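Per-entry structural report
If you want the building blocks of each chain, they are given just below.
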Amino acid sequence: MGRVFVLSLEGKVYSCKYCGTHLALSEDIVSKSFQSRHGKAYLFNKVANVTLGEKEERLMMTGAHTVADLYCVQCGSIVGWKYEMAHEKSQKYKEGKSVLERFKMSGPDGSNYWGNHEAHAVGSSDTDDV
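Residues numbered from 1 in each chain as written. Predicted model: local features only at pLDDT ≥ 70, side-chain atom pairs only at ≥ 80, totals over all residues. Heavy atoms only, no water.

The chain appears in an unreviewed UniProt entry as Protein yippee-like from Salvia divinorum. Recorded in UniProt for the chain, the comment headed Sequence similarities (unreviewed entry) runs: "Belongs to the yippee family." (UniProt positions renumbered as here; feature names shortened; annotations may be inferred.)

With that settled, the discussion passes to unusual backbone geometry. Positive phi, close to 60 degrees, is recorded for Asn 49, a residue that is not glycine. In this structure, Asn 49 sits in the loop between strand E4 (39-44) and strand E5 (50-60). Residue Asn 49 is classed as buried on the basis of its relative accessible area of 9%. (Helix = DSSP H or I, 4+ residues; strand = E, 2+ residues; numbered from the N terminus. Buried < 20%, exposed > 50% of the residue type's maximum accessible area, 1.4 Å probe, protein only.)

What follows covers the confidence of the model for the chain. The predicted model of the chain averages 87 in pLDDT, with 85% of residues at 70 or higher. Note on residues 116-125: pLDDT is under 50 here. Beyond four places in sequence and across chains, it has 17 contacts. (pLDDT = per-residue confidence, 0-100. Contact = heavy atoms within 4.5 Å.)

Under the defined criterion, the tally for this structure stands at four aromatic pairs. A centroid spacing of 5.8 Å and a plane angle of 90 degrees characterise the contact between Tyr 14 and Tyr 42, whose relative ring orientation is edge-to-face. Highlighted residues: Tyr 14 in strand E1 (residues 13-16) and Tyr 42 in strand E4, separated in sequence by 28 residues. You can call Tyr 14 buried: its relative accessible area is 5%. The class for Tyr 42 is buried, based on a relative accessible area of 7%. Ring centres 6.3 Å apart and planes at 80 degrees place the aromatic pair Trp 81 and Tyr 83 in the edge-to-face group. The class for Tyr 83 is buried, based on a relative accessible area of 1%. Three or more aromatic residues joined by ring pairs make a cluster, and in this case those are Tyr 14, Tyr 42 and Phe 44. The ring of Phe 103 is capped by Lys 17, whose NZ or CZ atom sits 3.9 Å from the centre of that ring. (Phe/Tyr/Trp six-rings, centres within 6.5 Å; stacked < 30°, edge-to-face > 60°. Lys NZ or Arg CZ within 6 Å of the ring centre and 35° of its normal.)

A separate point is the sheet that holds E1. Strand order in this open sheet of three strands is E2-E1-E9, and the pairing throughout is antiparallel. The strands lining the two open edges of the sheet, one partner per strand, are strand E2 (22-25) and strand E9 (105-106). (Pairing = 2+ DSSP bridges.)

This paragraph deals with the sheet that holds strand E8 (residues 98-101). Hydrogen bonding along the main chain pairs the strands of a sheet, whether they run parallel or antiparallel. With antiparallel pairing, six strands are arranged side by side in an open sheet as E3-E4-E8-E7-E6-E5. Taken across any chain shown, the strands that pair with only one partner, and hence form the sheet edges, are strand E3 (29-36) and E5. Between one strand and the next, the sheet's axes are offset by a mean angle of 30 degrees, whatever the strand orientation. Across nine bridges, E5 lies against strand E6 (residues 63-72) in antiparallel orientation. Within the sheet, the bridge partner assigned to Arg 58 lies in E6 and is His 65. (Axes fitted to C-alpha atoms, helices over the stretch in contact; angles between N-to-C directions.)

The structure is reproduced here in structure tokens:
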């Protein structure tokens, strides 16, 4: 396997909580109103230091989407997903954007989010709130 190239971000950085690799900047947040299996999730215009998994169809709270899981380039943990295609016209704004699960990130101040321990439906979720 080749050498891993990791980009160092400057500013208010969200990092992988498992290995500390920089994933995104707070200035790139589009919405903090998304949900995942583990609780809160944030929609970002752009993310760094991730690799894309296979594209797959998922039925989410806001309809069907083609998404790909996002993996931390350093430790390989799944940290979120990328919207490749939204099938509902009202959801097209998500295309090309990425969701990072708050439970899997350390915040800019180094804080961890422990998630919502209530039962969630099987499968990924999201919201319409922007």
